[in-house]
Amino acid sequence: MADLHYDGSARGALAHVFAEANRKCQVLVLAGDLTTHGRPEQMRMLIEELSGVEIPIVAVLGNHDHDADAVDELGAILSERGVHLLEKGPIEIQGVGFAGIKGFLGGFGRGALAPFGEKEIKDFVRTTLDDVISLEKSLRFLTTSIKVAVLHYAPIAETVAGEPESILPFLGSSRLVDPIDTYGADVVFHGHAHHGKLQAKTPGGIPVYNVAMPVLRQNGLEYLLWEGRAPDRRRRAE
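Calculation notes
- Residues numbered from 1 in each chain as written.
- Predicted model: local features only at pLDDT ≥ 70, side-chain atom pairs only at ≥ 80, totals over all residues.
- Heavy atoms only, no water.
- Phe/Tyr/Trp six-rings, centres within 6.5 Å; stacked < 30°, edge-to-face > 60°.
- Helix = DSSP H or I, 4+ residues; strand = E, 2+ residues; numbered from the N terminus.
- Buried < 20%, exposed > 50% of the residue type's maximum accessible area, 1.4 Å probe, protein only.
- Contact = heavy atoms within 4.5 Å.
- Right-handed = clockwise from strand over helix to strand, strands pointing away.
- Pairing = 2+ DSSP bridges.
- Axes fitted to C-alpha atoms, helices over the stretch in contact; angles between N-to-C directions.
- Salt bridge = Lys/Arg side-chain N within 4 Å of Asp/Glu carboxyl O.
- Polar contact = N/O pair within 3.5 Å; in protein donor to acceptor, adjacent residues only side chain to side chain.

Engineer: Sorry if this is basic, but what is going on with the packing of aromatic side chains here?
Structural biologist: We describe a pair of aromatic rings using the distance from one ring centre to the other and the angle between the two ring planes. Applying the stated criterion across every chain, the model contains four aromatic pairs. Consider the rings of Phe189 and Trp226, whose centres lie 6.4 Å apart with planes at 80°: the pair is edge-to-face. In this pair, Phe189 sits in strand β7 (residues 187–190) while Trp226 sits in the segment after α6 (213–218), placing the two residues 37 residues apart along the sequence. An aromatic cluster is built from Phe104, Phe124 and Tyr153, whose rings are joined through pairwise contacts.

Engineer: Just checking my understanding: could you explain the side chain of Thr36 for this structure?
Structural biologist: When you line up the elements, Thr36 lands in the loop between β1 (28–31) and α2 (40–49). By relative accessible area, Thr36 is classed as buried at 15%. The residues touching Thr36, leaving out its near neighbours within four places in the chain, are His5, Tyr6, Asp7, Gln42 and His64.

Engineer: Explanation requested: the pairing of β7 in the structure shown.
Structural biologist: Each regular strand displays side chains that alternate between the two surfaces of the sheet. Covered by surrounding structure in β7 are Val187 and Phe189 together with Val188 and His190, the residues of both alternating faces. With respect to chirality, the unit in which strand β6 (residues 146–150) leads through helix α5 (residues 177–183) into the neighbouring parallel β7 is right-handed. Taken together, the three bridges between β7 and strand β9 (residues 207–210) define a ladder with parallel strand orientation. Looking at β9, one finds that His190 is bridged to Asn210.

Engineer: Just to check I follow, could you spell out the sheet that holds strand β4 (residues 91–93) for this structure?
Structural biologist: Within a beta sheet, neighbouring strands are joined by backbone hydrogen bonds and run either parallel or antiparallel to one another. The mixed open sheet is built from six strands, whose spatial order is β4-β5-β6-β7-β9-β8. On the outer flanks of this sheet lie β4 and β8 (199–201), each paired with one strand and no other. Strand after strand, the sheet turns through a mean of 25° between neighbouring axes, direction not considered. Note: strand β5 (residues 96–100) against β6, five bridges, orientation parallel. Opposite Ala99, over in β6, you have Ala149 as the bridge partner.

Engineer: Explanation requested: the pattern of salt bridges in the structure shown.
Structural biologist: Should their charged atoms come close, side chains of opposite charge can pair. What the rule picks out here adds up to seven salt bridges. Linking Asp123 and Lys119 is a salt bridge whose minimum nitrogen-to-oxygen distance equals 2.6 Å. Of this pair, Asp123 and Lys119 both sit in helix α4 (residues 119–141), four residues apart, roughly one helical turn. Asp123 sits in the partly exposed class, given a relative accessible area of 37%. It is possible to trace a salt-bridge network through shared partners that takes in Glu20, Arg23 and Lys24.

Engineer: Please clarify how the side chain of Thr35 should be interpreted in this entry.
Structural biologist: Here Thr35 lies in the loop between β1 and α2. Thr35 sits in the buried class, given a relative accessible area of 0%. Looking at Thr35, its side chain comes within polar contact range of the side chain of Asp65, at 2.7 Å. Non-local contacts of Thr35, meaning those with residues more than four positions away in its chain, are made with His5, Tyr6, Gln42, Met43, His64 and Asp65.

Encoded structure:
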């Protein structure tokens, strides 16, 4: 799941979701925007919601988690809880490899922003390219038979379909799909696009799921259970 945007105003609201995921799943994947404004106190309150989770947790941060410029402190809070932040490197859990980054934006396909012109534009594109390189290194490092890629921003346009066309360049970058199709993953999870589409595929045929909470709930889900096949839709939003 992604885009929890937790600020503590509804304490306990996620505890039952996490508790059920703990019963049914082997790993919990959080694909960014865990908090509303990236404040350490918000992350600490979210950690309280995770108190019933005993399975491993992996995560990436989202743009909301960067808002308060407290990324290092948020990372320390997550690490203390035992959450593995994938930006710090890939991890193998029970024979499954997880690689992830927040990613960045810039648009898709022929509309993707090119590193041309002003230095500010080149720096902007460089931010995305740095994440592409980081994801590539993580996927290359993993030798597991199953690989899971976790992003916050979308790597393909198809899973942001439904959002206003004017904001599509701010929802992800097709540059992010290159290392996924080149070095392989069995599945990709991302968030960020609240009005996007649940499922699509990369040009290379790898399934991509938009697991932003609003998208999950639009599809009658509170979390997506992936078993190496189509997602389990038995869990219905209350």
